[in-house]
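Observations on chain architecture
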Amino acid sequence: MARLLIYLLLGFCIYAFIDNAKADEDDSGDDEDDDEGDDEDDDDDDGDDGLTCVSGDMMVEEQTKGLVRVSELSKGDYIHGIAGGERKPAWCKVEAVFPAAGGKHKITYDGFTKEHMVVTNSVHSYGKRGEMTTGPVYTLATDCDANVNSAGQAFTPISSAFCPHELSWSEYITLMSALRRVANRTGYFWFDISVYHDNYTAMVPHWYDQLHQICRELLFCSRLNECQEFENVMKEFVHNHVNSKYAEIVQRQFPNMGGDVSKQQAGTITEVVRLQESSQIVLFAVFGSAMVALLVIAVALLLYRARMKAEKEQEPKKTVEAEA
C-alpha cells in the first residue's frame, strides 16, 4: 500500500510537469479551402514583395489615442493584443511598424493580405474573404504574441510568405518567442522588408525564397533542439541577403553565427533561439523539489497511519489491564 501511494504521488507530479500541449483541431474549414490555389492567380496581390501586410487603414485601439489607423501608429504605442498559452488580453507595445511592398498598393480583405496569418483556434492565412480594398500596407509587430484589431480579429506579424503551413497555437507562440528573443538582441529591423536584397551569386538568389526554410528550421530548433541547420541557414541568409548595415549588427551580437551548436559556443544565434539551458535547470530544480516534497508528505502520511494503527491495537490491552 505504501509503495502504491508513493507511485501514485510520483505519477501525479510527473503528469503535472509533462508538456501536454497538443496541436489545436483544424476548424478553419472553408478558410483554408479558399486559400488553396489562390497564390498564383492574382498578379496584383502576389507575395513576392512582402513578408506580411495589413492595411494602413485598419483600425486598432491605442491605449491613449483611442481608435487609430495602423498607418498612424508609432513605435512605443500600445495596442490591444493577446499573449501566452492562455491567450490573455494585454496592452502590447508596438516594436515595429514599417510601410511594406516598397510603397506599392496591395489588395487586402478586411484589412489583411490573403497570405497574412490570423488567429482562430489555429494560426492560418486569412484568405480571400470579406471586404476587398486596395491601398498601402504595413508590417506591424509588438511585444505580444498577436495583436487584435477594432473588429476583434486577432492577427500575427507573420504570413505564409514566412511559414507556409497552418500552425497550432503552441507551435506559433514557441516560434514568436524565439523571434522576439532574437529581435530583442538585434532590433526589430527584421520586420522591415527594405532590409533585404536579392543576391544572384548566392545559392538561393531571391531572399524571399529562403524564408520557408528559415521558418521550418526555427521550429525544429526552438521546439526539438535540432539547431545546426538553423544556424547554418541563418549565417547564409544574413551574409547573402541582409543589407550590410544590419548584417553587421547581427554579426556583432552573434559573432559565432554558423558555428558548431553541439559545442554550445557562445555567440551563436542558436543560443537565444532554443530553450535556454538555465530554463531547463530551473525546470529540473522545480521538478526535483516537487518530487522531494511529495516523498516527504508520503512518508509523513505513512508514519502517521502506522502510529494510529499501533495506538488502536494497544487500546484493548489497556482496557483488559484496567478491569483486572
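Presented here is a report on the structure given in the accompanying data block.

Running from N to C, helix α3 (residues 169-186) and helix α4 (residues 211-224) cross one another at 95°; their axes reach a closest spacing of 9 Å. In terms of orientation, α3 lies roughly perpendicular with respect to α4. On the side of α3, the interface is formed by Ser-170, Glu-171, Thr-174, Leu-175, Ala-178 and Leu-179, while α4 contributes Cys-215, Leu-218, Leu-219, Ser-222 and Arg-223. Taken together, the residues of the contact of α3 with α4 break down into six nonpolar, three polar and two charged.

Following the criterion strictly, the structure yields nine aromatic pairs and no others. When the ring of Phe-189 is compared with that of Tyr-246, the centres are 4.8 Å apart and the planes differ by 40°; the resulting orientation is tilted. Of this pair, Phe-189 sits in the loop between α3 and α4 while Tyr-246 is found in helix α6 (residues 244-253), placing the two residues 57 residues apart along the sequence. Here the aromatic rings of Tyr-196 and Trp-207 are separated by 4.8 Å at their centres, their planes lie at 25°, and the arrangement is stacked. Of this pair, Tyr-196 sits in the loop between α3 and α4 while Trp-207 is found in the loop between α3 and α4, placing the two residues 11 residues apart along the sequence. When sorted by exposure, Tyr-196 lands in the same class as Trp-207, which is buried. Grouped by ring-pair contacts, the aromatic residues Tyr-196, Trp-207, Tyr-208 and Phe-237 constitute a single cluster. Directly above the aromatic system of Trp-169 lies the positively charged group of Arg-87, at a separation of 4.6 Å from the ring centroid. Positioned over the ring face of Tyr-126 is Arg-129, at 3.9 Å from the centre of the ring.

On to the side chain of Ser-55. Along the chain, Ser-55 falls in strand β1 (residues 54-55). Since its relative accessible area comes to 9%, Ser-55 is described here as buried. Engagement of the side chain of Ser-55 in a polar contact is seen with the backbone nitrogen of Asp-57, the distance being 3.0 Å. Dropping the residues within four chain positions of it, Ser-55 is found in contact with Val-70, Thr-108, Gly-111, Pro-136 and Val-137.

Here is what the cut-offs are and how they apply
- Residues numbered from 1 in each chain as written.
- Predicted model: local features only at pLDDT ≥ 70, side-chain atom pairs only at ≥ 80, totals over all residues.
- Heavy atoms only, no water.
- Axes fitted to C-alpha atoms, helices over the stretch in contact; angles between N-to-C directions.
- Helix = DSSP H or I, 4+ residues; strand = E, 2+ residues; numbered from the N terminus.
- Parallel < 35°, antiparallel > 145°, perpendicular 65-115°, else oblique.
- Contact = heavy atoms within 4.5 Å.
- Nonpolar A, V, L, I, M, F, W, Y, C, P; charged D, E, K, R; others polar.
- Phe/Tyr/Trp six-rings, centres within 6.5 Å; stacked < 30°, edge-to-face > 60°.
- Buried < 20%, exposed > 50% of the residue type's maximum accessible area, 1.4 Å probe, protein only.
- Lys NZ or Arg CZ within 6 Å of the ring centre and 35° of its normal.
- Polar contact = N/O pair within 3.5 Å; in protein donor to acceptor, adjacent residues only side chain to side chain.

That is the geometry; function is a separate question.
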